[in-house]
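# Descriptive analysis of the structure
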Amino acid sequence: MSDTIPADLKYTSDHEWARQQGNLVVVGVTAHAQEALGDVVYVELPKVGSTITAGKQFGVIESTKAVSELFAPISGKVVKVNDALSDKPDTVNADPYGAGWIIEVEPSDPKQLDGLLSAQAYGELLKKS
Amino acid sequence: MARRTPLNEAHRKLGARMVDFVGWDMPVQYTSVIGEHEAVRNAVGLFDVSHMGEIEFRGPGALETANRLISNDLARCADGQAVYAGLLNEQGTFVDDVVAYRFSPEHIFICVNSSNREKDFAWMQERAYGVKPVDRSDDFAQIAVQGPKAPGLVQRLTKAELSKLGTYRFTEGEVAGVRCIISRTGYTGEDGFELYCAPNDAEKLWNALLEEGQADGVKPCGLGARDSLRTEMKYALYGNDIDDAHTALEAGLGWIVKLDKPGGFIGKEALEKQKAAGVHRKLVGFEVTGSGIPRHGYAIMKGGHVVGEVTSGTMGPSVKKPIGIGYVPAEFSTEGFTFDVDIRGRPVPAKVVKTPFWKKP
């Protein structure tokens, strides 16, 4: 159920999540986001090697009806993108915190992660919305 | 406060996601747009379309009065037959697109788009020389039952002989004990019916169809699936693909325009002139061959210049491709012609294809 918010991740108020993995940070969208979007049919990914900036748009996610922007939880260089999403964008619906990850980033300032929402704070935000 | 159909509570009980749709609180999806789309293509789906409006002409001269207001020809129809038609301005552009039902020469019933109901009624009142229109929208709920298993499902609930009811034919009868107009029409490209009933009976009918349809795999479907299904057929959506800025000929709807019908119709002269001079822009269907999904309002480009506009677009769940509809100069409208769609600042290649996009395999 989408109400389960993994405790080991950090969140943005725009419904992206960030997972620290060694020196890198994996980024995706939350279960709440994918459910609100409905069937994901397209994910526009940034190029590997491009730079993203915390709070700024880094890509686009589209469902059958709607186009939504993806916002970077952290600044840094994109080192990997989830190419599998071009064939199976609905993986974002099926497994938003796992196989449906979107990009992997080498952060320019790892401390930025501390400024993101905890699972608890994100849960509170969802309750209010 | 958004208007509610008599099925509003039923949608909420089914866990529908509700949205504001032109002032109506309507279900956009229950579980998944793609799942509901596929249910209609492969089994059967139910749509609440009670937000549609109904305008009636009754009495001697009803046929002549209504026929003067629509572009298609009800005089060529038999009683019990319906036609798709345009309500056109004097310029040949659309006030609305409608389905007109001929019960008899003294009883004509016109189903109009919910967003245009008040406008259409006022427009008809102003121009109806003869019989005055009556807005009956509040007297009807409407449920669309669509999909290859729709005939079997509805037949099990009615004594009306549906096998004798051809496309765009209608009859009156009881379905699940509810008095209905049973119309073999729809907006999905599949076989099926649109059932008009009294608002108080709508929930009974809806529940009976859901229950009886369980074995068929029936699904309640929202506006999301309705839109992807109609887009795959290149069925026009008022406000997107057709409007008061584009003529019926530009929209490729010449087949609903009967220029030679006795008595004529509003917009005829403008369309005759346009036909003689040539139609300079056309509504085409196209496939995106690059990466991205076309959406309403995106520019169509050729050689870096804007030459047209996308009016509808989606990822077609059945065709499994990004598809779109849009206006382009007539010289760019032939099958195979290529252009770019400006997808958020990125030119993405697309090509004109034959429509409907979806055909039964």
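Residues numbered from 1 in each chain as written. Chains lettered and ligands numbered in written order. Predicted model: local features only at pLDDT ≥ 70, side-chain atom pairs only at ≥ 80, totals over all residues. Heavy atoms only, no water.

All names here are of chain B. On the basis of which strands lie adjacent, the open sheet formed by five strands has the order 5-6-7-4-8 and antiparallel pairing. The open sheet terminates on both sides in strands that have one partner only, identified here as strand 5 (81-88) and strand 8 (134-135). Bridging between strand 5 and strand 6 (residues 94-104) involves eight bridges; their strand directions are antiparallel. Residue pairing in the sheet places Ala 82 in a bridge with Tyr 101 of strand 6. (Pairing = 2+ DSSP bridges. Helix = DSSP H or I, 4+ residues; strand = E, 2+ residues; numbered from the N terminus.)

Looking now at the nonpolar core. Residue and element names in this part refer to chain B. Core analysis: the biggest nonpolar cluster contains 43 residues, and Phe 47, Phe 94, Tyr 101, Ile 242 and Leu 271 have the highest contact counts within it. At the level of secondary structure, the elements contributing two or more residues to this core comprise strand 5, strand 6, strand 7 (107-112), helix 7 (223-232) and strand 17 (321-329). The biggest single contributor to this core is strand 6, with four residues. Core analysis: the next-biggest nonpolar cluster, separate from the first, contains 32 residues, Ala 10, Val 44, Leu 165 and Leu 205 among them. (Core = buried A, V, L, I, M, F, W, Y, C linked by side-chain atoms within 4.5 Å. Buried < 20%, exposed > 50% of the residue type's maximum accessible area, 1.4 Å probe, protein only.)

The next subject is the interface of chain B and chain A. Between chain B and chain A, the contact holds 16 residues from the first and 15 residues from the second. Between chain B and chain A, the buried area comes to about 1,200 Å², and carbon and sulfur atoms account for 46% of it. It is Arg 17, Arg 295 and Arg 344 of chain B that lose the most area in chain B upon contact with chain A, and together they represent 39% of the buried surface on that side. Here chain B and chain A share five salt bridges between them. We note a salt bridge from Arg 344 of chain B to Glu 44 of chain A, for which the minimum N-O separation is 2.8 Å. Going through the elements one at a time, helix 2 (33-42), helix 7 and strand 16 (305-316) of chain B are the ones with two or more residues in the side of chain B that touches chain A. Across the side of chain B that touches chain A, the residue classes tally to five nonpolar, six polar and five charged. (Contact = heavy atoms within 4.5 Å. Buried area = accessible area lost by both parts, 1.4 Å probe. Salt bridge = Lys/Arg side-chain N within 4 Å of Asp/Glu carboxyl O. Nonpolar A, V, L, I, M, F, W, Y, C, P; charged D, E, K, R; others polar.)

Honestly, that's just the spatial picture; any functional story needs more than this.
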